[in-house]
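What the coordinates show
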Amino acid sequence: MMTEKDTGTENIITDEMANPSLSKSGGDPGITPLSPSHIQQSDTDQVQSGPSFVVVVAIDFGTTSSGYAYAFTKEPECIHTMRRWEGGDPGVSNQKTPTTILLTPDRKFHSFGYAARDFYHDLDPSESKHWLYLEKFKMKLHTTANLSIDTEIHAANGKRVKALDIFAYALAFFKEQALKELSDQTGSEFDNSNVRWVITVPAIWKMPAKQFMREAAYKSALVSRENPEQLIIALEPEAASIYCRKLRLHQMVDLGTQTTQNGFSPNDNVGSGMTQGDRYVVMDCGGGTVDLTVHQIRLPEGHLKELYKASGGPYGSIGVDYEFEKLLCKIFGQDFIDQFKIKRPAAWVDLMIAFESRKRAAAPERTNPLNINLPFSFIDYYKKFRGHSVDHALRKSNVDFVKWSSQGMLRMSPDAMNTLFKPTIDHIIQHLTELFEKPEVSDIKFLFLVGGFAESSLLQQAVQNMLQGRSRIIIPHDVGLTILKGAVLFGLDPSVIKVRRSPLTYGVGVLNRFVEGKHPPEKLLIKDGTRWCTDVFDTFIAADQSVALGEMVKRSYTPAKPSQQVIVIHVYCSEKESAGFISEPGVRKCGTLRLDVSGTESSAPRREIQTLMQFGDTEIRAMAIDVSTGRTVKASIDFLSH
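Below is a summary of the structure that appears in this document. A quick note: this is a predicted structure, and the numbers were derived from the prediction, not measured.

On to the nonpolar core. The nonpolar side chains of a soluble globular protein tend to be buried with one another. If you look at the biggest cluster of nonpolar residues, it comprises 97 residues, and the most contacted ones within it are Met283, Phe324, Phe332, Phe448 and Val463. Looking at this core, the element that brings in the most residues is helix H13 (residues 414–437), giving 10 residues. Excluding residues within four positions of it along the chain, Phe332 makes contact with Ile337, Phe378, Tyr382, Arg386, Val390, Ala393 and Leu410. Judged by nonpolar contacts, the second largest core, of 50 residues, contains Phe167, Ala170, Phe173 and Leu179.

Okay, here's the thing in structure tokens:
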């Protein structure tokens with residue numbers, strides 16, 4: 001699908017394009033791509049065999065809860081989920097632990113998960129305001145437009161901390177827990193170099209967020225920069241898909257029949273079974289995001305092919321928490337809620353935990369009210385702040401479906417609770433409807449609902465109503481652990497997903513020979529008597545284009561001057577499927593390709609650096625060779641803004 005280039009045209013990347021700080025006046029036409037071509041590696045099975053690991057450990061770093069699972073490469077069928085955590089919540093049984101971190105007042109790591117929450121809860125309010133408590137911070141990576149190593153996030157007391165530090169602390173915690181468990185399992189100190197680590201991220205995350213996770217892993221010493229292949233970034237719905245295609249009947253519920261058997265023997269694979277070429281959608285409904293992947297299965301190996309680029313959005317279950325917060329602001333005033341969160345951060349956390357357990361009790365046919373405990377300090381602080389009682393506030397707010405019960409509780413009618421779910425579920429259903437209208441997304445046999453939010457019967461019912469029986473809706477039994485188990489399977493065999501779709505169009509700006517009538521006059525650049533058209537978008541890969549694993553996009557570049565040590569090329573991207581110029585609306589600079597050509601000086605009159613970029617994996621990678629000497633050139637592609 002690469003645009004055919006006439007043999008007569010030349011593509012040149014000038015210094016100004018590669019390095020915009022230079023003035024437009026001087027500078028040779030710098031880098032010349034000699035041979036645009038798309039090559040398919042003849043043997044894709046040899047992609048990344050790499051060192052052999054003894055065990056694969058996957059970390060599901062979620063917005064609301066996290067966990068890990070592992071399998072020894074000798075027994076790949078046997079996936080172990082992490083040991084039970086101490087200190088669970090009433091009404092929330094889970095192998096996973098809340099994604100919460102507590103730092104001491106001098107910003108040292110103190111604890112993670114339930115331990116962090118309980119310790120923070122037990123601190124005296126005068127002390128707790130100095131401690132840094134963080135939760136739901138993963139969403140920051142999705143919502144920050146120009147994510148960098150220095151991006152900051154807010155703790156509950158309003159203080160700011162570097163996001164990279166927090167993510168690194170969390171990964172270091174999981175590394176320690178997992179290695180401890182592996183040492184106990186094997187009876188001797190388990191060495192980190194024997195572990196292949198897998199970290200899961202939403203498929204709709206852009207490259208900067210994925211790279212940020214990798215940087216955090218380096219910082220936490222999970223893996224070293226020298227050994228990048230020890231860490232694989234897995235996409236959450238992809239991991240779920242790998243797990244779901246292996247499901248046996250007794251391991252899932254078919255929403256249409258509400259049974260687990262369906263009259264097949266319990267060991268049959270998915271329902272009446274996946275057959276050659278079956279298409280299915282995996283909808284991963286998490287705390288922060290909802291992520292959809294469309295796959296087709298190729299039997300007998302069970303390889304997967306992506307049929308449509310990953311889609312979704314920030315429609316996770318924390319949207320319901322946000323609606324609850326808006327409701328509290330409506331009743332008690334935004335000014336009070338803002339103050340209370342900063343002044344009594346631990347009590348606010350308690351209130352949200354109380355809400356969480358009631359949120360899980362919401363159901364379409366529920367008739368009795370849901371009671372939410374208001375912490376004593378909320379009632380007390382409100383009286384001081386306003387000079388009247390919480391009871392009074394409820395009576396005079398026009399929110400008729402929330403009452404005050406004499407036991408010190410907010411009493412919500414089931415309708416009130418369902419209203420809190422509505423905006424989030426509406427977003428999800430709208431997205432699902434649009435996805436199913438795409439031509440690539442036809443004859444979908446199964447829709448797998450996975451992720452913690454998939455347990456919500458309100459969401460399940462909405463999906464059923466929307467699909468009207470067009471696809472079978474399948475919910476795995478251990479829906480919250482599906483991604484974790486699939487991520488382990490992915491780590492054991494990353495080549496199982498053979499074809500992906502590029503989420504964006506990627507390319508670089510080049511100079512082409514100026515053609516009258518074809519190129520806009522304002523793009524004309526005359527250099528040494530030659531007429532060039534500037535800013536031409538040279539497409540590496542187009543949005544929603546199929547890319548096979550191991551497929552390479554090849555370009556050759558020539559340093560402008562023999563003495564040049566580093567070639568820096570700006571990479572541009574766009575949501576649109578094609579772009580003519582890098583200056584078009586919707587095209588933005590998103591990364592840099594760096595070729596370190598120092599030490600490659602040769603007698604050749606013209607050095608050609610051949611660059612190979614790989615777009616078929618979960619991360620974009622680049623490598624390069626000096627054609628005249630055959631030596632490898634250090635190539636890196638960087639998406640984090642600096």
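Two pairing modes exist for strands in a sheet, parallel and antiparallel, and in both the strands are linked by backbone hydrogen bonds. The 8 strands are arranged S13-S21-S20-S14-S15-S16-S22-S26 in an open sheet whose pairing can be described as mixed. Where the open sheet ends on each side, the last strands, each with one partner, are strand S13 (252–254) and strand S26 (546–548). This sheet shows a mean twist of 25 degrees between the axes of neighbouring strands, independent of strand direction. Bridging between strand S20 (residues 446–450) and strand S21 (residues 472–476) involves 3 bridges; their strand directions are parallel.

Running from N to C, helix H2 (residues 114–122) and helix H10 (residues 345–359) cross one another at 130 degrees; their axes reach a closest spacing of 9 Å. What the angle tells us is that H2 and H10 run oblique. When you trace H2 past H10, the crossing you get is left-handed. The segment H2 lies against H10, with Arg117, Tyr120 and His121 engaging Pro345, Ala346, Val349, Asp350 and Ile353.

Bringing the pattern of salt bridges into the picture now. Tallied over the entire structure, the rule returns 25 salt bridges. In this structure, Arg214 engages Glu619 in a salt bridge whose closest nitrogen and oxygen atoms are separated by 2.8 Å. One end of the pair, Arg214, is in helix H6 (residues 207–219); the other, Glu619, is in the loop between strand S30 (609–614) and strand S31 (621–626), with 405 residues separating them in the sequence. Across the pair Asp535 and Lys523 runs a salt bridge whose closest N-O atoms are separated by 3.0 Å. Taken together, the positions of Asp535 in strand S25 (residues 530–541) and Lys523 in the loop between strand S23 (505–513) and strand S24 (524–527) put the pair 12 residues apart, joining distant regions of the chain. The pair formed by Asp535 and Lys523 is uniform in burial state, with each residue classed as buried.

Here is what the cut-offs are and how they apply
- Residues numbered from 1 in each chain as written.
- Predicted model: local features only at pLDDT ≥ 70, side-chain atom pairs only at ≥ 80, totals over all residues.
- Heavy atoms only, no water.
- Core = buried A, V, L, I, M, F, W, Y, C linked by side-chain atoms within 4.5 Å.
- Buried < 20%, exposed > 50% of the residue type's maximum accessible area, 1.4 Å probe, protein only.
- Helix = DSSP H or I, 4+ residues; strand = E, 2+ residues; numbered from the N terminus.
- Contact = heavy atoms within 4.5 Å.
- Pairing = 2+ DSSP bridges.
- Axes fitted to C-alpha atoms, helices over the stretch in contact; angles between N-to-C directions.
- Parallel < 35°, antiparallel > 145°, perpendicular 65-115°, else oblique.
- Left-handed = near helix turned anticlockwise from the far one by under 90°.
- Salt bridge = Lys/Arg side-chain N within 4 Å of Asp/Glu carboxyl O.

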